Amino acid sequence: MELPSSCFHSCLDFCPDCGSVLPRPGPQSSIRCPRCSFALDTADLEGKTVRSTIEFNRLEPAGRGQDPAPHFQGPLVERRCPRCGHEGMSYSTRQMRSADEGQTVFYTCLRCRFQEKEDS
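Residues numbered from 1 in each chain as written. Predicted model: local features only at pLDDT ≥ 70, side-chain atom pairs only at ≥ 80, totals over all residues. Heavy atoms only, no water.

S.K.: Is there a simple way to explain the sheet that holds strand β6 (residues 115-119) in this structure?
M.R.: Two orientations exist for strands paired in a sheet by backbone hydrogen bonds: parallel and antiparallel. Strands sit in the order β3-β4-β5-β6 across an open sheet of four strands; the sheet is antiparallel. Single-partner strands in this sheet number two, and they are β3 (76-80) and β6. The average angle at which neighbouring strand axes cross in this sheet is 40 degrees, direction not considered. Pairing between β3 and strand β4 (residues 87-94): three bridges, direction antiparallel. Counted as the bridge partner of leucine 76 is serine 90 from β4. (Pairing = 2+ DSSP bridges. Helix = DSSP H or I, 4+ residues; strand = E, 2+ residues; numbered from the N terminus. Axes fitted to C-alpha atoms, helices over the stretch in contact; angles between N-to-C directions.)

S.K.: Honestly, unusual backbone geometry in this entry has me stumped. Any pointers?
M.R.: For residues other than glycine, phi is negative in most cases, and the peptide bonds are mostly trans. A positive phi angle is found at serine 37, which is not glycine, with a value near 70 degrees. Structurally, the position occupied by serine 37 is in the loop between β1 (30-32) and β2 (39-41). A relative accessible area of 44% places serine 37 in the partly exposed class. Located in the positive-phi region is arginine 113, a residue other than glycine, with phi close to 65 degrees. Take arginine 113: its relative accessible area is 35%, and that puts it in the partly exposed class. (Buried < 20%, exposed > 50% of the residue type's maximum accessible area, 1.4 Å probe, protein only.)

S.K.: In this structure, what is going on with the pairing of β6? I would like to understand it.
M.R.: On a regular strand, each side chain points to the face opposite its neighbour's, so the side chains alternate between the two faces of the sheet. Judged from the five bridges that link them, strand β5 (residues 104-109) and β6 form a sheet pairing that is antiparallel. For threonine 104, the partnering residue across the bridge sits in β6 and is aspartate 119. Hairpin connection of β5 to β6: five residues between the antiparallel strands, including arginine 113 at a positive phi of 65 degrees.

S.K.: I keep staring at the state of the cysteines and nothing clicks. Help me out?
M.R.: What we call a disulfide is simply a covalent bond connecting the sulfur atoms of a pair of cysteines. With the rule as written, the count across this model stands at zero disulfides. Here cysteine 33 stays free of any disulfide, with the sulfur of cysteine 18 as its closest cysteine sulfur at 3.6 Å. Cysteine 84 forms no disulfide, and the closest cysteine sulfur to it belongs to cysteine 109, at a distance of 3.6 Å. (Disulfide = S-S within 2.5 Å.)

S.K.: It is not clear to me how the pattern of salt bridges should be interpreted in this structure. Could you clarify?
M.R.: Two side chains carrying opposite charge are able to pair once their charged atoms lie near each other. One pass over the full model with this rule turns up four salt bridges. Of the charged contacts in the structure, one is a salt bridge between glutamate 87 and arginine 80, with a shortest N-O distance of 3.4 Å. With its nearest N and O atoms 3.3 Å apart, the salt bridge here joins arginine 97 to glutamate 101. Residues joined by salt bridges that share partners form a network here, namely Arg79, Glu116 and Glu118. (Salt bridge = Lys/Arg side-chain N within 4 Å of Asp/Glu carboxyl O.)

In structure tokens:
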């Protein structure tokens, strides 16, 4: 099979003109690149094996492989937990309200996992 000269040298999965992925051969007499309209006659594929596979991510069963209590990481601040009195909490911030208002700070106690929020 003699393909026209181009800047791409690859297998029949890619367009030799623009490098885009070519559609799989079907009942049509030619394969046309959806990007640059390069056309390849399906007779040029006579005797070639075209194979494709689809792989899906494995799903974890619900409740397995996950720690029920999330690990709180992030910056630490010297703040006393109102529930257990432990000195030291981690915090994270989120923009919960409109953009012209301050962010919301979420504090989490490292000992008892108590959470509180503060609108700044």
